[in-house]
Amino acid sequence: MGNSYAGQLKTTRFEEVLHNSIEASLRSNSLVPRPIFSQLYLEAEQQLSALEGGSRVDNEEEEEEGAGGPEQNCPPNPYQMHPPPEGCCTTDGFCQAGKDLRLVSISSEPIDVPAGFLLVGAKSPSLPDHLLVCAVDKRFLPDDNGHNALLGFSGNCVGCGKKGFCYFTEFSNHINLKLTTQPKKQKHLKYYLVRNAQGALTKGPLICWKGSEFRSRQGSVGACSSSLFPLLDSSGPLAPFPGEPGPGTIPSAPLGAPQAGSASDHPALTAALGPALFNGKDSPKHQPPVKNRLSTVSRPSALGFLSNSGPPKKRHKGWSPESPSASDGGYPQGGGNRAKYESAGVTCMPQVGLVGPASVTFPVVASGEPVSVPDNLLKICKAKPVIFKGHGNFPYLCGNLNDVVVSPLLYTCYQNSQSVSRAYEQYGASTIQPISEEMQLLLTVYYLVQLAADQVPLMEDLEQIFLRSWRESHLTEIRQYQQAPPQPFPPVPGAVAPVTSAQLPWLAGLAASSCNDSVHIIECTYSLAEGLSEMFRLLIEGKLAKTNYVVIICACRSAAIDSCIAVTGKYQARILSESLLTPAEYQKEVNYELVTGKVDSLGAFFSTLCPEGDIDILLDKFHQENQGLVSSSLTASSVTKSASLDVSGAPACTSYHLEPHRIRPFQLAVAQKLLSHVCSIADSSTQNLDLGSFEKVDFLICIPPSEVTYQQTLFHVWHSGVLLELGLEKEHVTRQRVEQYVLKLDAEAQTKFKSFLQNSFQNPHTLFVLIHDHAHWDLVSAVHNLYSQSDPSVGLVDRLLNCKEVKEAPNIVTLHVTSFPYALQTQHTLVSPYNEIHWPASYSDGVDLYPENKKYFGLSEFIESTLSGHSLPLLRYDSSFEAMVTALGKRFPRLHSAVIRTFVLVQHYAAAMMAVSGLSQMKNYTSVETLEITQNLINSPKQCPCGHGLMVLLRVPCSPLAAVAYERLAHVRARLALEEHFEIILGNPASGITIGKHFLKQLKVWQNIEDAEWRPQTYLELEGLPCILIFSGMDPHGESLPRSLRYCDLRLINSSCLVRTALEQELGLAAYFVSSEAPLEKGARTEALESDAEKLSSTDNEDEELVTEGSTSEKRSPVKRERSRSHDSASSSLSSKASKLEREGICEELAFLESSAPCGESSAGPSQGEQARSPPPCGPSEEARAPGERQRPRAAGGPPLVISRQSPGLTPQPDPGLKSGQRGLQVLAPSASSLGSASSPALPAAGPLVLQASQCSMTKACRQPPVVFLPKLVYDMVTSTDGSGLPKAASLLPSHSVMWASSFRPLLSKTMTSTEQSLYYRQWTVPRPGHMDYGNRAEGRVDGFHPRRLLLSGPPQIGKTGAYLQFLSILSRMLIRLTEVDVYDEEEININLREDSDWHYLQLSDPWPDLELFKKLPFDYIIHDPKYEDASLICSHHQSIKSEDRGTHRKPEDPCMRRRTARMRLSKFAAYNTYHHCEQCHQYLGFHPRRQLYESTLHAFAFSYSMLGEEIQLHFIIPKSKEHHFVFSQPGGQLESMRLPLVTDKSHEYIKSPTFTPTTGRHEHGLFNLYHAMDGASHLHVLVVKEYEMAIYKKYWPNHIMLVLPSIFNSAGVGAAHFLIKELSYHNLELERNRQEELGIKPQDIWPFIVISDDSCVMWNVVDVDSGGERSREFSWSERNVSLKYIMQHIEASPNITHYALIGMRKWSSKTGSHEVREPFSRCHVHDFIVLNVDLTQNVQYNQNRFMCDDVDFNLRVHSAGLLLCRFNRFSVMKKQIVVGGHRSFHITSKVSDSPMAVVPAQYICAPDSKHTFLAAPAQLLLEKFLQHHSHRFFPLSLKNLGHPVLSVDCYLNLGSQISVCYVSSRPHSLNISCSDFVFSGLLLYLCDSFVGASFLKKFHFLKGATLCVICQDRNSLRQTVVRLELEDEWQFRLRDEFQTANAKEDRPLFFLTGRHI
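Residues numbered from 1 in each chain as written. Predicted model: local features only at pLDDT ≥ 70, side-chain atom pairs only at ≥ 80, totals over all residues. Heavy atoms only, no water.

So, the packing of aromatic side chains
- What the rule picks out here adds up to 42 aromatic pairs.
- Aromatic pair F165 and F171: ring centres 5.2 Å apart, planes at 65 degrees, arrangement edge-to-face. Accessibility classification places F165 together with F171 in one group, the buried group.
- An angle of 90 degrees between the planes, with centres 5.1 Å apart, marks the rings of W470 and F1304 as edge-to-face. Within this pair, whereas W470 is found in helix α11 (residues 459-473), its partner F1304 is found in the loop between β28 (1298-1300) and α44 (1314-1324), the two being separated by 834 residues in sequence. Residue W470 shares its accessibility class with F1304, and that shared class is buried.
- Through a chain of ring-to-ring contacts, three or more aromatic side chains come together here, namely F1878, F1880, F1896, F1900, F1902 and W1931.
- Above the ring of F1269, the side-chain terminus of R1051 is found at 5.3 Å from the ring centroid.
- Against the face of Y1686 rests R1680, its NZ or CZ located 5.7 Å from the ring centre. (Phe/Tyr/Trp six-rings, centres within 6.5 Å; stacked < 30°, edge-to-face > 60°. Buried < 20%, exposed > 50% of the residue type's maximum accessible area, 1.4 Å probe, protein only. Helix = DSSP H or I, 4+ residues; strand = E, 2+ residues; numbered from the N terminus. Lys NZ or Arg CZ within 6 Å of the ring centre and 35° of its normal.)

A short note on the environment of N1733
- Within the secondary structure, N1733 sits in strand β45 (residues 1729-1733).
- A residue is classified by how much of its surface remains accessible, and N1733, at 1% relative accessible area, is buried.
- Separated by 85 residues in the primary sequence, N1733 and P1648 place their C-alpha atoms 5.5 Å from one another.
- Here N1733 is in contact with P1648, F1649, T1698, Y1700 and A1701, once residues within four sequence places are set aside.
- Reaching out from N1733, the side chain makes a polar contact with the backbone nitrogen of D1735 at a distance of 3.0 Å.
- Polar side-chain contacts of N1733 include one of 3.1 Å to the backbone nitrogen of L1736. (Contact = heavy atoms within 4.5 Å. Polar contact = N/O pair within 3.5 Å; in protein donor to acceptor, adjacent residues only side chain to side chain.)

What to know about the sheet that holds strand β1 (residues 117-124)
- On the basis of which strands lie adjacent, the open sheet formed by 5 strands has the order β3-β2-β1-β4-β5 and antiparallel pairing. Two strands lie at the open edges of the sheet, namely β3 (155-157) and β5 (201-206), each paired on one side alone. In this sheet, adjacent strand axes meet at a mean angle of 45 degrees when their direction is disregarded.
- Inspection of the sheet shows strand β2 (residues 127-137) paired to β3 by 3 bridges, in the antiparallel sense. The partner of C134 across the bridge, within β3, is C157. (Pairing = 2+ DSSP bridges. Axes fitted to C-alpha atoms, helices over the stretch in contact; angles between N-to-C directions.)

Listed below in structure tokens is the structure:
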């Protein structure tokens, strides 16, 4: 039948019997059933459901049939509508007979209504805007109290006249309601219809469906009306239960649709489902669209809802016996609160007071008698009471509902605090009960009692109180669970005696007894209804005048209590009710009041305040009297004076200078941090950013749609030079070009952004940085938002920055930049915590990390100034302004306080202007603060020769109010003829800056601007302009303000929007850089001015460093400070203001203010003239008592030009004791302690100096931050601290768009760094459904972070823009740096020692050497490689060398760092290290996407070597991909040989010579990636590594062949590697010859060459020569970069190549001259990159012991063996400077580990058997190093004696640059120079073998006194050598001339013997 019960019947059986009886009676069409049925509507006595929610506001808001769809947790049971009969009408709004039923159509038609019937309006879901007219028997409708409606239905159709519908189902079909759920009269019959005076039918009162309505609609809430309950529609969902994934909202529903989520036929089920209901995945997916009714203004009604437990009616098939009912839960966990709905369509809910994160719309359960709200409540009370529903059932309100506000927030808070946190459940805490309802209520009463009269309750405070209480009461259980593992059935903790419901009222009354009736307790015996009625009665009778809070408790029910709390204090109620408005509604309300003229009464009231009548009349009178006079006298002083001064060359103002653009150390540090984060993304193994593939940087900066911010950003980009640096623009960048790089997020943004995306797609090798500045603005989701489809501007940031293209583009990095990052630090954020960069603190442990000449002054420093003991605080509130606002708020209760505040403040400014202009009587109509601001504003230009003045920022968030303020102030200014004294600027985000011609001219003069078209486009360009900037817009958008800003008037900010971001954003306007050169007081020099990025406030004595305007004042309480403000002129103004208000009947509000002025003060202060002439006498006792009280107000009264005479603080070098540039008259001695002794003689002395020096207000500007005026509420919030010393403001909800994840959260701590704060918010906040990050976790990735997204946060105005522009520059430099390399760039040495005889290969055009010609060339012994600049010169017979021929030498220590390098751009043929990975290289490097790492196998390879006398075992690591280069005995079997090609092969596809690269310590930096160098050609490359480094090299180079040296060579030098490479290659050549001989190939046809290359060869070049003929001296040449493939194939193609033993090339140098490349080939030393013929050099070995110069040693041996060395001069190799690894990896240290001393080369040798400290280094290394640095100890005659070299037999050892050597070989048939001409100064015999004999040595001649050094492996062989070579015949030895290297015996030291020639 579509009916449901209004009450709860006693038994189910009785319910069924009655139900059947009613149906029978209805079907019979008989008389009315007996009255007994009225008793069925029993009151709900046992309401066990805890799922009651917020009060129902507007019954007109239709509840969609099936808004939530069928219940997801039970079998679906959709309503099946009967198909309509054939041929009938089915049009909406018409009955089936086709008659129109719409009220609008038939309102004036006569309708036949039978007796006993009433006309009612039915709502159809398909016609939300219409009512359908029906006639219904009034017995089936409820009475006025919502009672006594009969079950069932009886109705007629008024269209076709059909009568007798007995079922509402049948009737709803007839009138085409088209329902999708079971029809119910309670749902669809909404309004009574009544006739108006004209007889037309109109919508009347709501039908009061009492219990049934609420029971069935428990999950739903309607749209709010404009005046009542404004919170509901847009408050946002409740914070989810602790640890749950997030709010379960229905994403698809339009805003304002009542998203019940409950299938209305299942009240009990919905009640009992608890948290499982709709947590996102279960939420209904389809929902019919519903018209948004946010804007509906109608007669609201607040209805509650009733939730019943127990089974539903029998016909509800969906209910299963297993479904728990609400009474089964241990404690209520909430189902209704899970069916919360999405709010975020408009700007999210501001919260204050009990507005908390959980500002959700909750059904408020109604019960008991209805309560009528008295008609004239607002008029009598002067404020709308705000009623917070608490526990239990809430009664139904009727009557004058406009005058009350009902909110569910307290209920939400209680619910949240009753859900035990998941954090404790892990300890088995299910047995730990939540805090009881009684305890919650009692704690709430305690909290309210301790609130001061001017404080407003805060949801966060209550949550913390509940949490602390719960923790304390359960501490023992929690500890017990923490210590013991949870048992399967944990014991129930012993019950602490709880507060019972019977004790509750008594305890609450006791708590409230001490508070002077500010909290009033009402106890009810039956229901809350009687308590509410009692409260309304007391309010009407005026008995609650002093009461701020009424707590109503009904504890009669046995199971639970009912409670609610009404806020009746006028101040609190106004703030709380206004706080429930969203920013959009707030603007709408203010607009409405302005448009409808409601504010006129306010204006009329103001005009009556003036003693002479209307202020405007007074203004006109003043204007007429002074016309002509004022303008000439006043303007002459400022304007003409400045002009004449400039012309005559007299001193103009020196204080004015625009800051040059330069990067501060902080910004550089932040830019570097950003860079390192980008590098770490690139370095991570995820391959999300391949920096190596980018060649340049491009960027786009996205900013909010503020014209000033846009111009400011353009200015920054333009002046930073970043476009030129990035190479994006050429010289002379125009402003239009800069505009391409800055995007204003407005309607046109999308096209510009698309071209950015297109650009990024077309340029894959450009790294695009997308900078989202002011990133906390507009985080609205484009997906989860209701309007997003229709309105493209909604969710624009999300639409652009989070689009798929940006997220997936591998070359776009997104950087969010903001001062308030909290909304981007939620559980769902896209930014990894590792990618957050926080502005660094300036001090760490007292050390100034980044010394700067300016100190940042931010929020924490402003807060510190309020704690200062000796200066006026920079944060202030205006008590007289607040008092005036409060008084007017009571007088005009219907006006929004923003309107009242604006009008009062404008009035104050107007009166102050008049007072300063000479209407001194107006002083009494303004506040001291406003008067001070206005005086300084008007008078400051007069003190400066150029007319510089100060800026006053007047913040008016609401644009319409800003326009009103602008018009009014401009009007007053015009009437006072002050137009040329200061400008009034209306700053609107949407428009630019407009200023008058006069001021434009001044600015141009000050800034030396010639351009006639110039206009200021940023506020920074208003530097020095005296002006009031009326700054409008709901949020500041990052606009910077000039240094001339002196006052930041924030008295009009929306003080109810207390969220952390909003608050800090407003206060951020005043953030400022203070010149730190100002003298500091004691203590202040060492204290940190800490940036509030790291700590929200600081314990340092920053206040001592403040430079403030004003006298010193004691640290005193706000009350005391308030007293000191209402002093002198203030007292008179207040007293007269109070008397005026008294006449208006509102005196009592201001009485306390009047009493606060100290007695005995004269009502009017001394006249301005008196004050100017001499300071009033002031007794020491009075001074000492309260210095601030006497001085500050007088300062405001006196004209500021007196400052110049009596302010010692303004001298050019101010006294260090005096902190402030004082305001007004200052009778102030240099320090607060000596105030009493301040005598006037001290002042004149400073006077004249002051007059000359710093009269300009700009002088003060750089030394003192602005003074900030706040609303009292905000002031208290900012300056009060919590337990940890953190400002209260920091613990607020961080942003509108997020909510707390749980009330079980710890408090923020004062010591938290920014990083810790970020982690805190990431853990404890979740985004609301309208937030763009809301859906992030649903993307299926556990790790929801975006890899290329960074967040930079730093305090406002600290220089983040400069930092990120600098970051772009250094990022670009780094990318260029990645494509560049430092290569050695040194000229060849010893060029001048060559002789020009027949030393040249004269066929200049030969591509290859001619063998016969080449053989005729003599060998050039001299080393020309610049790395051997410090090596000994090798002498040959042709030299006649003077010692000075050798150039200046480097100092020996670390030559690498002193070697000259050049930066070269890498070519496409470069060799790379491990950091390079481009697309082409991936396979080459072995990082295959489908395989982890290339597999490789280890193969042993052994060969015997006779000289070592043992078998050598080497190991090869061969990747699978490289096995084709080798021969195995069978697949996977024994390694047999490495394949070698044939000499005759001519293929150009591969390189024939295998390349070996010995390396150590350079697994990352070695250039082993030869893919590009070889131009992709096939080649065989083997890395030769030491055994202990094998694993690390294999990790970095998995696809390279490794040759692993035996472990005995772990400490060997490069000689060992070269030795083994050569021996292995020769052995392999033999094996290949044998293998291929079997295939019929001649042995000499096997390719005998290998390449030995350094690991630092990076690029190769070729010289192209254009010679003008064979003998021509003139020829041109050019050098170009080529691939190594080109060079190798050219060399390998040389004719007769197998006749050359060694082939090499030049080392590249930028200074290469034509003489070096003229000859194509030389026969000389080759280094670094050599092609070695292992066949020819079979018998010439590298010295395996050598560490240095082993290549020179080997070259000399090869030449002496008669073999050819050829250098291709037209090829060159570039060597990269690598500062790690290589020979630097050998560190010589002491074996005694505790010896920290560095070991110098002189200690490398010692006497045998001495107690010398042994060293941990190979003996050979010690020997070579010692000889390099100290060989002159052995060869004193040889020092600088180049004509008499040291004879070195069979080896070359470096004896240092001062000694030359002559190399000879002892081998028979070897080529040696003719030594007959030489007389040697020394003989070096190093490990000489049997070829050296006595007869061999006798051929050489030595100087007398020449020295000998014999080096052997041990002492025994030393003696044998002396005997065998008969050395004692010619050489004299002494015992003390024996030495050894400083090695321990086990390290096998080398032994030396020295002697002198006889």
